[in-house]
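Notes for the structure review
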Amino acid sequence: MTDDWATAFAAVPRAAFLPEVMWPFDLTAQASVAVSRAEDPAAWLGYAEADVPIVTQWDDGRHSGTAPGKVSTSSASMPSVVFAMLGDLEVRPGNAVLEIGTGTGWNAGLLTHRLGGEKVTTVEVDAAVAAAARESLRRAGLGPTMVTGDGYGGHLPGAPYDRVIATCGMREIPYAWVEQTAPGGIVVAPWGTHYGNGDAVARLVVGDGAASGRFTRLVEFMKLRAQRRAAVRHGDDVSQEGTDGADASTTTVTEAEFLTGRYTAGPFALGLRVPGCVQAAAEKRGDTRPVWFYGLTDTSWAVVTFRDGRPASTVHQYGPRRLWDEVEAAFRWWTGRGKPGVERFGLTVDADGQYVWLDDPAESWGI
């Protein structure tokens with residue numbers, strides 16, 4: 001913890017912004033578990049103060065009961081992630097900040113304690129979540145400007161801002177955020193592709209009608225509701241006959257080198273090179289693991305079936321795109337450049353779209 005944030009974190013505890021019943025991610029069980037403040041106050045406080053993410057809403061508020069819902073739709077991020085992203089934001093006294101995604105209100109509270117309520121504007125799309133955050137902030141004696149609405153368009157009445165921070169995963173950085181940020185200002189947002197659910201934090205500096213900068217670290221956030229993608233259903237593209245009728249081939253790429261795991265640069269890099277594609281790795285059964293790829297713009301699909309001890313794996317591909325060919329080419333591109341981490345990649349956003357690059361913004365490609 002750096003000195004400039006230590007006072008705010010001490011004065012604005014996360015526990016003050018959490019609901020009576022919440023679902024922290026238990027690292028031992030590797031699952032979200034329900035914890036009630038009334039029934040087990042010690043456990044509730046322990047999780048509130050732990051460095052774990054906590055789900056505070058399921059299924060856009062349609063969920064009831066204590067069992068976890070289907071889709072987590074609002075949460076309190078890990079304190080370490082909150083602090084790291086605030087560090088990326090590099091706020092200075094007098095800065096005006098726009099936050100996209102109020103959630104529990106804790107992040108807005110930290111910013112307000114540091115900068116003052118008149119300098120912080122926070123936007124939340126869910127009316128019930130916004131109301132709970134407003135009440136938590138009121139009890140804490142903190143009064144940022146709160147807006148209930150879709151933060152995709154920013155909040156023009158409070159512009160220009162010196163800093164913009166999103167606490168939801170983005171698949172496209174809106175140019176409105178760039179337009180509403182003063183020259184030299186900073187935009188910090190988790191960003192990724194539809195290839196997987198992971199994100200990397202983009203830290204962009206605004207100037208000359210564009211925002212550009214590198215990624216700082218891998219994270220995973222709930223997606224902005226306007227950009228949330230429905231889950232791919234296997235049967236929508238793949239018939240009951242399975243791989244019958246698909247083109248068959250082989251690959252020498254191994255499971256160990258391809259499936260690098262969660263919070264690794266490999267899937268992030270592949271998503272940059274293979275747009276409009278979703279990867280889904282099936283559970284391993286015995287010595288066999290199929291990994292599927294689905295096209296988002298047509299009915300193309302592919303599957304590579306890894307088997308332990310085999311020098312080559314079988315590939316089946318169907319549709320106008322040869323998705324495995326695209327993925328393997330992207331994998332060879334990434335490994336051929338030394339398997340660069342996310343900190344070597346960058347993002348540029350201008351009025352025409354968004355572009356990614358490796359090392360040099362001059363060598364970017366659209367996505």
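Figured I'd write up the structure that's included with this text. Small disclaimer: the values here were computed from a predicted structure and weren't measured.

1. Focus on the sheet that holds strand E11 (residues 199-207)
The sheet built from 10 strands is open, its strands ordered E8-E7-E6-E9-E10-E11-E12-E18-E19-E20 with mixed pairing. On the outer flanks of this sheet lie strand E8 (145-148) and strand E20 (365-366), each paired with one strand and no other. Pairing of strand E12 (residues 210-219) with strand E18 (residues 345-350) involves four bridges; the strand directions are antiparallel. Its bridge partner being in E18, Arg 214 is matched across the sheet by Gly 346. Contacts from helix H4 (residues 106-115) reach strand E6 (97-100), strand E7 (120-124) and strand E9 (161-166), with the element oriented near 170 degrees to E7.

2. Comments concerning the packing of helix H3 (residues 79-89) against H4
Between H3 and H4, the shortest axis-to-axis distance is 11 Å and the interhelical angle comes to 45 degrees. One element, H3, and the other, H4, form an angle in the oblique class. Handedness of the crossing formed by H3 with H4: right-handed. On H4, the residues touching Pro 79, Val 82, Leu 86 and Leu 89 of H3 are Trp 106, Asn 107, Leu 110 and Leu 111. Of the residues assigned to the contact of H3 with H4, the class counts are seven nonpolar, one polar and no charged.

3. Observations concerning the layout of surface pockets
In this structure, the second largest pocket encloses a volume near 260 Å³. Taken together, 19 residues form the lining of the second largest pocket, with Phe 17, Pro 19, Val 129, Ala 132 and Ala 133 sitting closest to its centre. Secondary structure elements with two or more residues in the lining of the second largest pocket: strand E4 (54-58) and helix H5 (127-139). Tallying contributions element by element places H5 first for the lining of the second largest pocket, with seven residues. Taken together, the residues of the lining of the second largest pocket break down into seven nonpolar, seven polar and five charged.

4. Some points on the pairing of strand E10 (residues 181-191)
With respect to burial, E10 is a largely interior element, nine of its 11 residues being buried. As judged from the four bridges shared by E9 and E10, these two strands associate in the parallel manner. Bridging from a neighbouring strand, Arg 163 pairs with Ile 186 of E10. Relative to E11, E10 runs antiparallel, the two sharing six bridges. By the bridge assignment, Ile 186 is partnered in E11 with Val 205.

5. Things to note about unusual backbone geometry
Here the amide bond leading from Ala 159 into Pro 160 is cis, since omega sits at 0 degrees, within 30 degrees of zero. Along the chain, the position of Pro 160 falls in the loop between E8 and E9. The backbone of Tyr 263 sits at a positive phi, close to 60 degrees, despite the residue not being glycine. Looking at the secondary structure, you find Tyr 263 in the loop between helix H8 (255-258) and helix H9 (265-273). Of note in this structure, Asp 359 is not a glycine but carries a positive phi near 70 degrees. Relative to the helices and strands, Asp 359 resides in the loop between strand E19 (353-358) and E20. With a relative accessible area of 34%, Asp 359 lands in the partly exposed category.

6. Points about the environment of Thr 56
Looking at the element boundaries, Thr 56 is found in strand E4. Since its relative accessible area comes to 18%, Thr 56 is described here as buried. Note: C-alpha distance between Thr 56 and Ser 72 (16 residues apart in sequence) is 7.9 Å. Excluding its chain neighbours within four sequence positions, the residues that come into contact with Thr 56 are Leu 18, Pro 19, Trp 23, Ser 74, Ser 75, Ala 76 and Thr 104. A polar contact of 3.4 Å, which involves the side chain of Thr 56, links it to the backbone nitrogen of Ser 75.

7. Details of the packing of aromatic side chains
Aromatic ring pairs are defined here through the distance separating the ring centres and the angle between the ring planes. For the coordinates displayed, the defined rule picks out 19 aromatic pairs. A centroid spacing of 5.7 Å and a plane angle of 80 degrees characterise the contact between Phe 9 and Trp 106, whose relative ring orientation is edge-to-face. A residue pair is termed long-range when its members are at least 10 positions apart, and Phe 9 in helix H1 (residues 3-11) and Trp 106 in helix H4 qualify at 97 residues. Ring centres of Phe 258 and Phe 293 lie 6.2 Å apart, and the angle between their planes is 75 degrees; this geometry places the pair in the edge-to-face category. Remark: Phe 293 occurs in strand E15 (residues 288-295) and Phe 258 occurs in helix H8; sequence separation between them is 35 residues. Each residue in the set Trp 191, Phe 215, Phe 268, Trp 333, Phe 345 and Trp 365 is aromatic and connected to the rest through ring pairs, giving one cluster. One residue, Arg 273, lies across the ring of Trp 365, its end atom 4.6 Å from the ring centre.

Criteria and cut-off values
- Residues numbered from 1 in each chain as written.
- Predicted model: local features only at pLDDT ≥ 70, side-chain atom pairs only at ≥ 80, totals over all residues.
- Heavy atoms only, no water.
- Pairing = 2+ DSSP bridges.
- Helix = DSSP H or I, 4+ residues; strand = E, 2+ residues; numbered from the N terminus.
- Contact = heavy atoms within 4.5 Å.
- Axes fitted to C-alpha atoms, helices over the stretch in contact; angles between N-to-C directions.
- Parallel < 35°, antiparallel > 145°, perpendicular 65-115°, else oblique.
- Left-handed = near helix turned anticlockwise from the far one by under 90°.
- Nonpolar A, V, L, I, M, F, W, Y, C, P; charged D, E, K, R; others polar.
- 1 Å grid on protein atoms, 1.4 Å probe; cavity = no way out; pocket = protein on both sides within 12 Å on 5 of 7 lines; lining within 4 Å.
- Points joined across faces, edges and corners; volume = space filled by probe spheres on them.
- Buried < 20%, exposed > 50% of the residue type's maximum accessible area, 1.4 Å probe, protein only.
- Polar contact = N/O pair within 3.5 Å; in protein donor to acceptor, adjacent residues only side chain to side chain.
- Phe/Tyr/Trp six-rings, centres within 6.5 Å; stacked < 30°, edge-to-face > 60°.
- Lys NZ or Arg CZ within 6 Å of the ring centre and 35° of its normal.

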